[in-house]
Structures are given as C-alpha cells and as structure tokens.
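Close look at the chain arrangement
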Amino acid sequence: MSILELRGVAKTYGDGAAEVHALDGVDLTVTAGQMVAVMGPSGSGKSTLLTIAGSLEEPDRGEVLVAGMALRELSRNARARLRRRTVGYVFQDFNLLPGLTAAENVALPLELDGVPGRTARGAALRALEEVGLSARAPHFPDQLSGGERQRVAIARAVAGERRLLLADEPSGALDSGNAEAVMRLIHSACKRGVAAVVVTHDAQLASWADRVVFLRDGKIVDQTMPMAGPESLLSQGQTP
Ligand code: ADP
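Only a predicted model underlies this, so the values are computations on that prediction, with no experimental measurement involved.

Parameters and conventions
Residues numbered from 1 in each chain as written. Predicted model: local features only at pLDDT ≥ 70, side-chain atom pairs only at ≥ 80, totals over all residues. Heavy atoms only, no water. Helix = DSSP H or I, 4+ residues; strand = E, 2+ residues; numbered from the N terminus. Buried < 20%, exposed > 50% of the residue type's maximum accessible area, 1.4 Å probe, protein only. Polar contact = N/O pair within 3.5 Å; in protein donor to acceptor, adjacent residues only side chain to side chain. Contact = heavy atoms within 4.5 Å. Near = heavy atom within 4 Å. Areas by Shrake-Rupley, 256 points an atom, 1.4 Å probe, with all protein chains shown as cover.

1. As for the environment of Leu112
Relative to the assigned elements, Leu112 resides in helix H3 (residues 102-112). Residue Leu112 is classed as exposed on the basis of its relative accessible area of 61%. Here the alpha-carbon distance between Leu112 and Arg84, two residues 28 residues apart in the chain, equals 8.5 Å.

2. Quick word on the side chain of Thr200
Its place among the elements puts Thr200 in the loop between strand E8 (195-199) and helix H7 (203-206). Residue Thr200 is classed as buried on the basis of its relative accessible area of 4%. At 3.1 Å, the side chain of Thr200 and the backbone nitrogen of Asp202 are in polar contact. Once you skip the residues sitting within four places of it in the chain, Thr200 turns out to touch Ala37, Val38, Met39, Met183, Leu205 and Ala206.

3. Quick look at the site of the ligand
The environment of the ligand is made up of Tyr13, Val20, Ala22, Pro41, Ser42, Gly43, Ser44, Gly45, Lys46, Ser47 and Thr48. Within the backbone of Gly45, an N or O atom sits 3.0 Å from an oxygen atom of the ligand. Here an oxygen atom of the ligand and a side-chain polar atom of Lys46 are 2.8 Å apart. Considered on its own, the ligand offers 560 Å² of accessible surface; in the complex 58% of this is hidden by protein. Elements supplying a minimum of two residues to the shell around the ligand: strand E2 (20-31) and helix H1 (46-53).

Here's what the structure looks like:
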C-alpha cells in the first residue's frame, strides 16, 4: 500500500527574474515498509519535497496523497490532524523541548492530539524501547548525548500510529557511528511498516535505504534500486 504519493508536484518560489522552480514535476511513490533516501546538491529541492510531503506547504501543481488521502481534498483541520497523527518529522537539530524528559518529549505530540496521558506515556516508553533508550526515559535532553537525542527524536516521530516518517538530514550533526545508528533505527522502523523519506548527503548512509532518489533543479533525475542480494541469486538458481 502506498503511504506517500507525489504526482506531478511542482512548486515555484518568487517571480520574474527571481523565479525558482524548487520542484518541477516530481512523481514519487513510497509504500508501507519502504525507506527512500533523497540525495542531490544544495538547492535541488530536497527540503521542499519533504515540507510538501508533510503538508507543511502546498504545491502549485500536482497531487499529494498521504495514506491514500489526497491532501488537497482535506479540510484544514483534517490536514492538521493528519500531520499530528500520521506523519512524524525528524530534523538535523533534534528539536527536543529542554524542560521535558525524553519520555515526555515523545509523549507530548500524542497528548496534544488528545491521547489520554497514561496511554501516551505507554506508547512513548514503547517507542523509546524500540530505539534502545528505555533507561534514558526520565532524563532531560541536556543529560543525553547528541546521538541519544536524535534517537529520542526518532522515537517521537514513530510513536503511536504514525505511518510516514520524514527526515531532513537526521544524521547531519552526528559523528559517523551515531549517524549510522540513526539510519539503522529508521530502517528498522520501516521493517515494522513505517514508510520513510530521508534526505542525506552521505552515499554510505543512503545505502541503508531500499531506494535512492536523486534530485537536480527540482526534478528527479535518477532512481537506483537496491542491488539484488546473494539470496535472490540463490532463489533464481532454484527456479526450473
Ligand atoms: P535543498 O533542500 O535541496 O537544499 P530547497 O528545497 O531548500 O533545496 O530549495 C530549493 C530551491 O527553492 C532553492 O533555490 C531555494 O533557494 C528555493 N527556496 C526554498 N524555499 C524557499 C522560500 N521559502 N522562498 C524562496 N525560495 C525558496
């Protein structure tokens, strides 16, 4: 099932001589369980793609569907609900609230969405467990390392019933070991059924994805599928 679908999406900023085609007819489908990495030079439209996919901005042309719902056809309220319930965001700078513990940071969006406190806290603790941070639940962000803070942000982005994770250079501020761990965690969230779009500059980190999409001047110029693993060669060999 496709969780994110962009069809002919275009977005232009400015006008006249200052006109910039940030996205220029982008088609992209991400199914449940799939991790897609987006690469491309600075200014190629990567962040615009994420903000439009997350319904934080509207395209000038084209259609965006999240979990089968066409964003254009939803009311403002329904779009806001979709942003709170279905989509999780991870940014380079973690964006945790300093006065709340790790568990409270993860639970807050659920509570703001009307989930009762005890249920939200249970979901937060489960999400923290999935990123290996159960022991850090009562700690405040300034008691955590950069890598741990980003793991809390990933837990926050997948807690509850979220189905689409949008990450803008989630490992940009981390050393290579922690960067790798962040990609591995996003990858394992996908194995549990989440769809993810992850912007990264690092080809080695992008190799965690099922598919890598290259953007240039607002257009998708290339999509690489993963190499067939050795097990697929074996199964081919077994077919008559
Ligand atoms: P990337 O994330 O690949 O660096 P962006 O999506 O941020 O690219 O930007 C794509 C293009 O759109 C760039 O030329 C950028 O300057 C322009 N752009 C992005 N957001 C805005 C905005 N709010 N106003 C004007 N121009 C913008």
